[in-house]
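Coordinates in review
Residues per chain are reported as follows:
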Amino acid sequence: MTHLLLTATVTPSEQNSSREPGWETAMAKDILGEAGLHFDELNKLRVLDPEVTQQTIELKEECKDFVDKIGQFQKIVGGLIELVDQLAKEAENEKMKAIGARNLLKSIAKQREAQQQQLQALIAEKKMQLERYRVEYEALCKVEAEQNEFIDQFIFQK
C-alpha cells in the first residue's frame, strides 16, 4: 500500500490574512481529488467519489428491488404452471371418462344389436314352428273329419 504524503510550504507573504478562510482545505481537497481520494459527508477519506458512491448505492437498491420483483414473478409463474398442470390433469381425466362412456355406449349398442339378431332368429324359429303346428293342425283336422265321417258311416250302417 502506498501512502501519499502531502506537504505544503507556506511563505510569509502567503500567510496574508486577506485570503478566504478554508482555502487550504479546498486546496487539499483538490490535490486529493486529483489523486483519486475524496472526503465524504462525515469527512472520512474515501477512494470513490461521493457521487459514484451514491450512484452505486442507488444501483444496489434498484438491483435488490429487481431481484425481489423477479422472485415474485417466479412465484406467480410457478403458481400459474401448477394451475395449468392441474387443469391438464383434470382435462385428461375427463377425456378418459368420455372415452370410457363412448366405449360403453358402443358395447351396449353391439349388445342390443346381438340381442335383436337373437330375437329375430327366435321369431323366425317360432314362425317355422307355428307353420309346422298349422300344417299338423290341418292334418289332424283332416284326420278328425275322416274319423268323424267313418264314425257316422259306422253308426248309420248298424
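Note that this is a predicted model, so its numbers are computed, not measured.

1. As for the overall build of the protein
Within the protein, the secondary structure is distributed over 2 helices and 2 strands. Its helices and strands taken in sequence order, the protein reads α-β-β-α from the N to the C terminus. By the burial criterion, 1% of the 158 residues in the protein qualify as buried. Total accessible area on the protein stands at roughly 15,000 Å², and carbon and sulfur atoms take up 59% of it.

2. Observations concerning the UniProt feature "coiled-coil region" (unreviewed entry) in the protein
The UniProt feature table records "coiled-coil region" (unreviewed entry) at residues 105-136. Secondary structure content for residues 105-136 is 100% helix and 0% strand, and the end C-alpha separation is 45 Å.

3. Details of the pattern of salt bridges
Counted according to the given criterion, the structure contains 4 salt bridges. For Arg 134, the salt bridge goes to Glu 131, with nearest N and O atoms at 2.2 Å. With a gap of 3 residues between them, Arg 134 and Glu 131 both fall in helix α2 (residues 50-157), about one helical turn apart. You can call Arg 134 partly exposed: its relative accessible area is 38%. The salt bridge partner of Glu 138 is Arg 134, with a shortest N-O separation of 2.5 Å. Placement of the pair is Glu 138 and Arg 134 together in helix α2, with a separation of 4 residues, close to one helical turn.

What counts, and where the lines are drawn
Residues numbered from 1 in each chain as written. Predicted model: local features only at pLDDT ≥ 70, side-chain atom pairs only at ≥ 80, totals over all residues. Heavy atoms only, no water. Helix = DSSP H or I, 4+ residues; strand = E, 2+ residues; numbered from the N terminus. Buried < 20%, exposed > 50% of the residue type's maximum accessible area, 1.4 Å probe, protein only. Areas by Shrake-Rupley, 256 points an atom, 1.4 Å probe, with all protein chains shown as cover. UniProt positions renumbered as here; feature names shortened; annotations may be inferred. Salt bridge = Lys/Arg side-chain N within 4 Å of Asp/Glu carboxyl O.

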